Amino acid sequence: MKYTFDDGTTIDLTRVVSVSPVRDLGQDPETITMSRIGFTVHLNRREFVQITRHYHYADWASVKNELERVRKELIQMWETETE
């Protein structure tokens, strides 16, 4: 089964090995005022997909909550697929 993130990234749930917690990835080197937050989906064959969002310091909580929701949904679908 395929899972598609809001940014269009698609992964095959049968290949998922683990999902990291949401982490602050620090300042984005390509911008002055934006930082990045995200999590990593580890796939078999030592591949991974990193899901990140940019945020301004004032928006950190809302972006983190949105990513936590996406991560939780992904894990639920993954667990359902592997049962």
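Residues numbered from 1 in each chain as written. Predicted model: local features only at pLDDT ≥ 70, side-chain atom pairs only at ≥ 80, totals over all residues. Heavy atoms only, no water.

Draft legend 1. Fine view of the overall build of the protein chain. For the protein chain, the count of helices and strands is one helix and six strands. Along the longest, intermediate and shortest principal axes, the C-alpha atoms of the protein chain span 45 × 25 × 20 Å. Counting all 83 residues of the protein chain, 34% fall into the buried class. Across the protein chain, the fraction of contacts at a sequence separation of at least 24, relative to all contacts at a separation of at least 6, is 47%. (Helix = DSSP H or I, 4+ residues; strand = E, 2+ residues; numbered from the N terminus. Buried < 20%, exposed > 50% of the residue type's maximum accessible area, 1.4 Å probe, protein only. Contact = heavy atoms within 4.5 Å.)

Draft legend 2. Main features of the nonpolar core. Ranked by internal contacts, the top residues of the largest apolar core, which has 20 residues, are Phe5, Ile11, Val16, Phe39, Val41 and Leu74. Going through the elements one at a time, strand S3 (16-19), strand S5 (35-43), strand S6 (47-55) and helix H1 (60-82) are the ones with two or more residues in this core. (Core = buried A, V, L, I, M, F, W, Y, C linked by side-chain atoms within 4.5 Å.)

Draft legend 3. Representation of the pattern of salt bridges. Tallied over the full model, the rule gives five salt bridges. The partner of Arg69 in a salt bridge is Glu73, with the nearest N and O atoms 3.8 Å apart. In this pair, Arg69 and Glu73 both sit in helix H1, four residues apart, roughly one turn of the helix. On the accessibility criterion, Arg69 (44% relative accessible area) is partly exposed. When its relative accessible area of 33% is taken as the criterion, Glu73 is described as partly exposed. Taken together, the shared-partner salt bridges in this structure form one network comprising Arg53, Glu66, Arg69 and Glu73. (Salt bridge = Lys/Arg side-chain N within 4 Å of Asp/Glu carboxyl O.)

Draft legend 4. Expanded view of H1. Taking 1.5 Å of rise per residue, 23 residues should cover 33 Å, and H1 covers 33 Å from first to last C-alpha, within 8% of that figure. Structurally, H1 contributes buried residues whose contacts are with strand S1 (2-4), strand S2 (10-12), S3, S5 and S6. (Expected span 1.5 Å × (residues − 1).)

Draft legend 5. Looking closely at the environment of Glu68. Here Glu68 is to be found in helix H1. Residue classification places Glu68 among the partly exposed positions, given a relative accessible area of 28%.

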